[in-house]
Structures are given as structure tokens and as C-alpha cells.
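As a plain string of letters, each chain reads:
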Amino acid sequence: MNFLKRTVPMIIAFVMGVLMAFQYYVPHEASQNLLKVVTRWGMIISGFAMFIGAYSLFHMHWNRIKHKVSGWGYSIFMFFGAGIAIISGLYNGGELFWNDKQSGTMFDWIFDYVQVPAGATIFSILAFFMASAAYRTFRARNKEATILLISAIIVMLGRVPVGTMISQYIPIAADWIMTVPNLAAKRAILIGVSIGVIATSIKIIFGIEKAYLGGGD
Amino acid sequence: MIKKTDVSITTWILIAFGTVNIAFLATGKLGFNGKGLGIITAVAITLAMYSFLYKDNPVFKIAENIFVGVAMGYSIIIVWFNILKPDVFEALIVPMFKDTGNAPQYLVIVPTLLGLFMFLRFSSKLSWLSRWSFAFIVGMGSGIAIPNFINAILLRQLEPMLAPLYTGSFWGTIDTLLVLIGVVSVLFYFFFSMEHKGVIGGVSVIGIWFLMIAFGASFGYTVMARMSLLIGRIQFLLKDWLGIIQ
């Protein structure tokens, strides 16, 4: 049984890893088709994973309502939002879900007038919190904090007309920061990240890294 | 604990919001159609979200929960129409029961089964089967990542570092030299196999300076991106809803 529980997943990871790594170096149509098919398979599996996420969210909110946890009433609105979106999506403008997706339906209306404005507003609120966080943390307490502060101020001023009004050199300085020191640091980080990803991938393929199997038997 | 003053403030805001919108609908400023009602809904959501700037309140929490629900519902429907319907339902299930002119793609059974195995995570006896699905995804991702990261990121980032420093102009050469110094010093900073003392310590300090400039630049860039979103929302309120600006 241990073979099925632990060894088979490692064999699957090894076979898929080696296959997908080697297909990159085989410029044959069959290799390209393999990549397309396996990527699509990956998307199908990820599609099912989406439903696990949905189950997890609904389960958590259902338990909040069931056990009357503080603020349980708000969970009803989560079900309301999800219900409206799912029902309108399945209704599909009268064509029902097994037909092609119709445009200009209630589902699209919900996306345009609920999801998009809510998402944009949530992210725009971050502007206020970032400004407040910057006020509290951006004090030039040491050399490093001062460098960070000056760099952030120049980049912010360089992106707005008031920066040019203060000095015509501010946008030039902002561009220079983005293309020289920022590029250097980002390049070094990317090199480090790449080496890390490659090393971790090799460890997964050869069964050294097994965290994805989880605990237990 | 909800204070009495908060309740009265919320009530008055709701009355004002309702009155304004009824007036807009009555005068024809907003049409009594999908677009007009959509704008009112979007404004309600926007204002409810912004009410958090005053303090955490029930109106914000309601809007937040509706948003979470809608986002989840939207994702489920999009996964169905973009992935499961064309690749599982129409490719495998429909041709099995109906003559569509296409043969059922039985190979699709493999990812479908692996996808269904994921649900066994909730079973105490069969949860081990979900490991097969994770192994497939993790193995596939690792295999694709190795050559892609080598080619698209690692070599692409190293390539300019191997080019001649002299670019034809004095300032261009200085910039290239600075980039080289920056990359090397930041890599030294992240190299923990040697103690950061002496020359290595000095080089890694220069690396920290480069990192601080990059973090500052990223912060400034992110703030400006959020600001443009904020401007977008305010433009929506003033232009699309109130019609104050054109």
C-alpha cells in the first residue's frame, strides 16, 4: 500500500518532470503536441482544484452561519453574491450552461458593475494605506532607509506633472533609477530566483523534495 | 459593538444615496436600464468599500462579502466555460452519448480522474489518491520550469552581463559598469555560504544600497499604480455617476 501512497506519486512526478524537461529540447511536432496536450491536462486538473477552493470557502462560511460565530450575518452576503453569479452564469442568458457562453448577459453585467468596480476600489484603497504606512516607516532613520526614501520620492515625482514643475531633471532621474540601479538589483534577484527554481525543480523530480505529498501515510 | 451615531450616519447616507439616484432616474440622467442600474450598483459598491477609510463598518463588510462571493462564483463559471466544458464535457461526455461527428477523446479520462481524485482530499481513507494529482501538476510544472527558467530568465539576464562594458559613450559605459557592480554586489549579499566580513562584507553593503534603491523604486511605482486606480474610481463617481466632469 505504501507503494501506491508514496512511491507512485514520486514516479508520476519523475516521469512528468523528465518528459516535460526533455520535450523542450526536441524540436519535433510530436514534442510540441505533447506539451500542448499535457498543459491542457494540467489546466483540467487545476479546473477541478478551483472547486476545492470553492468548497473550502463555502464550508467555512456555512460553519460561521451554523455556529452563529460573531459576524455570521455577513457570510449570508457571501452566499448571496456567489449564488447570483453562479445562477446567472449557469442560466447563460436563457441558453443554459451546456451551450456556448453568451455575451451581454446578467453574468457579464455582474462582472462589469460588481466585480470590476469592487476590485478596483479595494486596490485603490491601498493607496491610502500605503501613504499612511510610508508616513510611519519612511523616516530617514539610517543610511539604508534614507536611500529607499529618496529613491521612492524621485520615482513618484518623476511619474507626475508636478515632478517636472519642480525640476526637469526629476523625470530623467526617475528613469535612470529604473533603468540602472533598479535593473541591477532586479537582475540579481531574478538570477537568484531562477537558480532557486531550477534547484527546487530538480529536487522534486528526483524525489529529494517531497513536501507536496503532505504528511501522514 | 455598533454605536447609535454610526447607525444614524449610515441611515442618513443611505437615504441621501437613494434620493440622489431616484432623482437621477426620474430626470433621465441615468436610464432605467441595465447600464443605469449598473452604474448605481457600482457606485454603491465603490462608496461602501471607501467607507472603510472612516472605519471598519457593517456596510463595508457586506460589500466585501458580496465581492468575495461574486469573485468565487465568477471563477467557477469561467472555469466551466473555458476549461471543463470544451475539454471534458464536449470532448468526452457529449460524444459518448450523442452522435456529434467527433469520436470521444478517451485520453481526457486521465486528467478528469486526476482532477476528481483531488476531492478525495476530504476522505480520510482515500486522501492518498489526491497525491497523484498533485504529483502530476508538480512534476509537470517542475519539468516545464527547468528549461524555461534557464532560457527565458537565467541566460537572458546573464547575456547582457557578458557584453563589453564600453558602449560607445562615456555615460553609457558608466551605467553599464554600475549595473555590473550592482548585480555582482547584490548576488554577494544573497550569498550566505561565506561570512559577510572584510571585502565580502563591504561588497554586500553596496548590494544592500542597490536593493534599497530598487525597493524604493518598486514602492514608488506601486503607489503611483494605486493612485491611478484611485483616480479612475473618482473619475467614475464624478463623470459616470454625478456627471460633474466631462
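Residues numbered from 1 in each chain as written. Chains lettered and ligands numbered in written order. Predicted model: local features only at pLDDT ≥ 70, side-chain atom pairs only at ≥ 80, totals over all residues. Heavy atoms only, no water.

This next bit is on the domain arrangement of chain B. For chain B, the domain assignment lists domain 1 (4–102), domain 2 (104–134) and domain 3 (144–241). Here the C-alpha centre of domain 3 of chain B lies 42 Å away from the C-alpha centre of domain 2 of chain B. (Domains from an automatic or database assignment.)

Our focus in this paragraph is the UniProt feature "transmembrane region" (unreviewed entry) in chain B. Residue and element names in this part refer to chain B. Here, the residues flagged by UniProt with the feature "transmembrane region" (unreviewed entry) are residues 12–30, 36–54, 66–83, 103–120, 132–150, 170–192 and 199–221. For residues 12–30, the end-to-end C-alpha separation is 22 Å, with 84% helix and 0% strand making up the annotated structure. Between the end C-alpha atoms of residues 66–83 there is a gap of 25 Å, over a span that is 100% helix and 0% strand. (UniProt positions renumbered as here; feature names shortened; annotations may be inferred. Helix = DSSP H or I, 4+ residues; strand = E, 2+ residues; numbered from the N terminus.)

Turning next to the layout of surface pockets. By rolling a water-sized probe across the atoms, one finds the places where empty space is left. Estimated volume of the largest pocket: approximately 990 Å³. Among the elements of the structure, α3 (73–91) and α4 (106–137) of chain A together with α1 (4–27), α2 (34–50) and α3 (58–97) of chain B are those that each provide at least two residues to the lining of the largest pocket. Examining the composition of the lining of the largest pocket, we find that nine residues originate from one element, α1(B), more than from any other. Looking at side-chain class alone, the lining of the largest pocket contains 27 nonpolar, six polar and five charged residues. Of the volumes computed, that of the second largest pocket is approximately 180 Å³. Looking at the lining of the second largest pocket, the elements with two or more residues in it are α2 (29–66) of chain A together with α3 of chain B. (1 Å grid on protein atoms, 1.4 Å probe; cavity = no way out; pocket = protein on both sides within 12 Å on 5 of 7 lines; lining within 4 Å. Points joined across faces, edges and corners; volume = space filled by probe spheres on them. Nonpolar A, V, L, I, M, F, W, Y, C, P; charged D, E, K, R; others polar.)

Of the residues lining the interface, 110 residues belong to chain B; the matching set on chain A comes to 116 residues. Roughly 10300 Å² is buried in total at the junction of chain B and chain A, and carbon and sulfur atoms are behind 82% of that figure. The interface formed by chain B and chain A includes two salt bridges. For the salt bridge of B:Lys85 with A:Asp100, the shortest nitrogen-to-oxygen distance reads 3.0 Å. For the side of chain B that touches chain A, the secondary-structure elements that each account for two or more residues are α2, α3, α4 (109–117), α5 (130–158), α6 (170–189) and α7 (198–241) of chain B. Here the side of chain B that touches chain A is composed, by residue class, of 78 nonpolar, 23 polar and nine charged. (Contact = heavy atoms within 4.5 Å. Buried area = accessible area lost by both parts, 1.4 Å probe. Salt bridge = Lys/Arg side-chain N within 4 Å of Asp/Glu carboxyl O.)

Looking at the assigned domains, one finds that chain A contains domain 1 (7–69), domain 2 (77–137) and domain 3 (139–209). Taken over C-alpha atoms, the centre of domain 2 of chain A sits 32 Å from the centre of domain 3 of chain A.

Quick look at unusual backbone geometry now. Residues and elements named next belong to chain A. The residue Asn92 is not glycine, and still its phi comes out positive at about 55 degrees. Tracing the backbone shows Asn92 in the loop between α3 and α4. Classification of Asn92 by relative accessible area gives buried; the value is 1%. If you check the backbone angles, Leu96 has positive phi at about 60 degrees while not being a glycine. Take Leu96: it is sitting in the loop between α3 and α4. (Buried < 20%, exposed > 50% of the residue type's maximum accessible area, 1.4 Å probe, protein only.)

Take the UniProt feature "transmembrane region" (unreviewed entry) in chain A next. All names here are of chain A. As recorded in UniProt, the feature "transmembrane region" (unreviewed entry) lies at residues 7–26, 38–60, 72–93, 113–135, 147–169 and 189–208. Between the end C-alpha atoms of residues 7–26 the distance is 28 Å, and the span holds 85% helix and 0% strand. Across residues 113–135, helical content stands at 100% and strand content at 0%; the span's end C-alpha atoms are separated by 34 Å.

With that settled, the discussion passes to the pattern of salt bridges. Opposite charge on two side chains permits pairing when their charged atoms draw close. Residues and elements named next belong to chain A. Considering all chains together, one arrives at six salt bridges over all chains under this definition. The salt bridge involving Asp175 is made with Arg159; its shortest N-O contact spans 3.5 Å. Of this pair, Asp175 sits in helix α7 (residues 169–179) while Arg159 is found in the loop between α5 (143–158) and α6 (161–166), placing the two residues 16 residues apart along the sequence. We classify Arg159 as partly exposed; its relative accessible area is 33%.

In this structure, A:Ile12, A:Met16, B:Trp132 and B:Phe136 are the most contacted members of the largest nonpolar core, which totals 21 residues. Those elements that place two or more of their residues in this core are α1 (2–23) and α2 of chain A together with α4 and α5 of chain B. In terms of residue count, the dominant contributor to this core is α1(A) (five residues). Setting aside residues no more than four positions away along its own chain, B:Phe136 makes contact with A:Ile12, A:Met16, A:Val38, A:Trp41, A:Gly42, A:Ile45 and B:Leu114. Listed in part, the 19 residues of the second largest apolar core include A:Phe48, A:Met50, A:Ala54 and B:Val79. (Core = buried A, V, L, I, M, F, W, Y, C linked by side-chain atoms within 4.5 Å.)

Before going further, it helps to spend a moment on the packing of α4(A) against α3(B). Across the interface, α4(A) lies against α3(B) with an axial gap of 10 Å and an inter-helix angle of 125 degrees. As judged from the angle between their axes, α4(A) and α3(B) are oblique. Considering how the two elements wind past one another, α4(A) and α3(B) form a crossing that is left-handed. Taking contact as the criterion, the partners of A:Phe107, A:Ile110, A:Phe111, A:Val114, A:Gln115, A:Ala118, A:Gly119 and A:Ile122 in α4(A) are, on α3(B), B:Phe60, B:Ile66, B:Phe67, B:Val70, B:Ala71, B:Tyr74, B:Ile77 and B:Ile78. Looking at the contact of α4(A) with α3(B) residue by residue, the class counts come to 14 nonpolar, two polar and no charged. (Axes fitted to C-alpha atoms, helices over the stretch in contact; angles between N-to-C directions. Parallel < 35°, antiparallel > 145°, perpendicular 65-115°, else oblique. Left-handed = near helix turned anticlockwise from the far one by under 90°.)

Moving on to the environment of B:Trp171. All names here are of chain B. Position of Trp171 among the secondary structure elements: in helix α6. Since its relative accessible area comes to 64%, Trp171 is described here as exposed. Taking the C-alpha atoms as reference points, Trp171 and Ile200, 29 residues apart in sequence, are found 28 Å from one another.

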